[in-house]
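# Coordinate inspection notes
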Amino acid sequence: MFYAPMSSRHSGFGETSNPLWSMPLPRWNPCFPLEFYEWLHATDFLCLQLVCECVLCCFSCVWEFEILPCDSEPAFGQMFSSSLAQSFLPEFISGDFDSIRPEVREYYAIKGCEIISTPDQDHTDFTKCLEVLQRKIEEKDLQVDMIVTLGGLAGRFDQIMASVSTLFQAPQITSLPVIIIQEESLVYLLQPGKHKLHVDTGMEGDWCGLIPVGQPCNQVTTTGLKWNLTHQTLSFGTLVSTSNAYDGSGVVAVETDRPLLWTMAVKL
Amino acid sequence: MEHAITPLEPLLPSGSLKYCLVILNQPLDKCFRHLWHKAHLKACADGGANRLYDVTEGERESFLPEFISGDFDSIRPEVREYYAIKGCEIISTPDQDHTDFTKCLEVLQRKIEEKDLQVDMIVTLGGLAGRFDQIMASVSTLFQAPQITSLPVIIIQEESLVYLLQPGKHKLHVDTGMEGDWCGLIPVGQPCNQVTTTGLKWNLTHQTLSFGTLVSTSNAYDGSGVVAVETDRPLLWTMAVKL
């Protein structure tokens, strides 16, 4: 989902010294998209990228706004009745099309959704969808701040890991932060550097964690957590931060020397 | 030295593999009944006891674990009481620096040694779905397992199995007939710089697997029934299970 900063509640900029991000970021909190539950006014363009077969209950609320949605070959047609489906037309559907049902593909093609074949077997549908999405964003000169992905964190274990792997590849595809949400979990990959995560939307659940998925992170320092780290190593086999919690300050700061996966509970 | 394993051997109806069973706090799959009756020792980690209790309604006495361990922040009081009355050992492991799963493996290993059990594998049910941090915690326990037990530890939930390959050579027998279509090699925790495989649809030859470079997912078998993997660092094997 892409959207410009829209509410006065989110005014103000929090800077990060992350060298990968060359401009100050809006006050960034991972639960940004979920606040649409409470929104009463339509806002700017949104793009919604669906990845997988599970659609969250928050989806129908999010879709109330003027949107520029796009799909990555989900079993989208299964989740909605035909009348509802007509209100939910993606900008595009991309993939190698080994999952999309023929009648689903035909329906969206007839409705004018772009069907983009990405047959490359060396990359997942998710990764390739991000590439197409980034191209669209540039072509349309969309001013957006984030890519929200629904699905990818449940089901086949190899595909859960593939979703995480796509997050590692995302910086080469787009400069936008990419988050993944499914059921009560959110994941977001923190690049090396300093990060400030605002966790005071009220939609945060109880748990959170820092997972050194791809490599040890040897210098990790945090504040704002129940169990903080100070220049410590996070590594599978040594220490992985799971079932962590917040200290109530509403902000979690994380400094890391290597890419580090942030995960948190979402109250849907 | 090459390590040989048939990951799905515990699921075979007439397998001779001797294993222990650990139940974590996730919905139990249909294979659990078969796995239960052939297991040499059964244990629940905290909320895993809730799952066992609920799914065995009407026949609970046929499904009594040897012990239930954990910090007990998940097990329901009536579940704990039931199993305590039935003679199951209730072992508190309050250490907050390790997960219930890790601590359960420690207790299990102690029991195996005390009873001098001759077993070949530890089979874990659950741990691969639900909260993302807890999925990662399950994988983290596999990294700690070699310091706890010399037995291979596998985790199965729904259609997925995971097993951590230690550095060295491995031969995975994938010809039980219960293998599903997909498999993968996931370099969780660190890059694996020298990975060579045979038996897969897409093999590797002295290649690097690393998040951000290459992760082997949606792989498949070449039909030979054996997958050989050589790795220089711990490498997570994952495969589909036909339950």
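Residues numbered from 1 in each chain as written. Chains lettered and ligands numbered in written order. Predicted model: local features only at pLDDT ≥ 70, side-chain atom pairs only at ≥ 80, totals over all residues. Heavy atoms only, no water.

### Some words on the sheet that holds strand 14 (residues 226-231) of chain B
Residues and elements named next belong to chain B. With mixed pairing, the five strands of this open sheet are ordered in space as 1-9-14-11-12. Of all strands in the sheet, those bounded by a partner on one side alone are strand 1 (2-5) and strand 12 (207-209). Neighbouring strand axes in the sheet, compared pairwise and without regard to direction, differ in orientation by 30 degrees on average. With six bridges joining them, strand 9 (residues 168-173) and strand 14 adopt antiparallel strand pairing. (Pairing = 2+ DSSP bridges. Helix = DSSP H or I, 4+ residues; strand = E, 2+ residues; numbered from the N terminus. Axes fitted to C-alpha atoms, helices over the stretch in contact; angles between N-to-C directions.)

### So, the layout of surface pockets
One number sums up the size of the second largest pocket: a volume of about 1100 Å³. When contributions to the lining of the second largest pocket are tallied by element, the ones reaching two or more residues are strand 14 (241-244) of chain A together with helix 4 (100-115) and helix 5 (132-148) of chain B. Of the residues assigned to the lining of the second largest pocket, the class counts are nine nonpolar, 23 polar and nine charged. (1 Å grid on protein atoms, 1.4 Å probe; cavity = no way out; pocket = protein on both sides within 12 Å on 5 of 7 lines; lining within 4 Å. Points joined across faces, edges and corners; volume = space filled by probe spheres on them. Nonpolar A, V, L, I, M, F, W, Y, C, P; charged D, E, K, R; others polar.)

### Side note on the sheet that holds strand 15 (residues 251-256) of chain A
Residues and elements named next belong to chain A. Within the open sheet, the four strands sit side by side as 10-15-12-13. Their pairing is antiparallel. A single partner strand is all that each edge strand has here, and the edge strands are strand 10 (193-198) and strand 13 (232-234). Looking at each pair of strands side by side, their axes are set apart by 35 degrees on average, direction ignored. Two strands pair when backbone bridges link them, and strand 12 (residues 217-223) and strand 15 are joined in this way by three bridges, in the antiparallel orientation. Its bridge partner lying in strand 15, Thr-223 is registered against Ala-253.

### Describing the domain arrangement of chain B
Residues and elements named next belong to chain B. Looking at the assigned domains, one finds that chain B contains domain 1 (17-158) and domain 2 (159-242). Computed over C-alpha atoms, the centres of domain 1 and domain 2 are 26 Å apart. With twelve residues of domain 1 at the contact, the number on the domain 2 side is eleven residues. Run the count over domain 1 and domain 2 and you get zero salt bridges. At the boundary of domain 1 with domain 2, the tally comes to four residue pairs in polar contact (both at pLDDT 80 or more). Breaking the side of domain 1 that touches domain 2 down by element, the ones donating at least two residues are helix 5 and strand 7 (153-157). With five residues, the top contributor of residues to the side of domain 1 that touches domain 2 is strand 7. Partitioned by chemical class, the residues of the side of domain 1 that touches domain 2 number ten nonpolar, one polar and one charged. (Domains from an automatic or database assignment. Contact = heavy atoms within 4.5 Å. Salt bridge = Lys/Arg side-chain N within 4 Å of Asp/Glu carboxyl O. Polar contact = N/O pair within 3.5 Å; in protein donor to acceptor, adjacent residues only side chain to side chain.)

### So, the packing of aromatic side chains
All names here are of chain B. A complete count under the given rule lists eleven aromatic pairs over all chains for this structure. Aromatic pair Phe-32 and Trp-36: ring centres 6.3 Å apart, planes at 75 degrees, arrangement edge-to-face. A residue pair is termed a helical-turn pair when its members lie 3 or 4 positions apart in one helix, as Phe-32 and Trp-36 do in helix 1 (residues 32-38) at four residues. Both residues of the pair, Phe-32 and Trp-36, count as buried. Look at Tyr-82 and Tyr-83: their rings are 5.2 Å apart centre to centre, the planes differ by 80 degrees, and that puts the pair in the edge-to-face class. Classification of Tyr-82 as buried rests on a relative accessible area of 19%. Ring pairing ties together the aromatic residues Phe-32, Trp-36 and Phe-63, which thus form one cluster. (Phe/Tyr/Trp six-rings, centres within 6.5 Å; stacked < 30°, edge-to-face > 60°. Buried < 20%, exposed > 50% of the residue type's maximum accessible area, 1.4 Å probe, protein only.)

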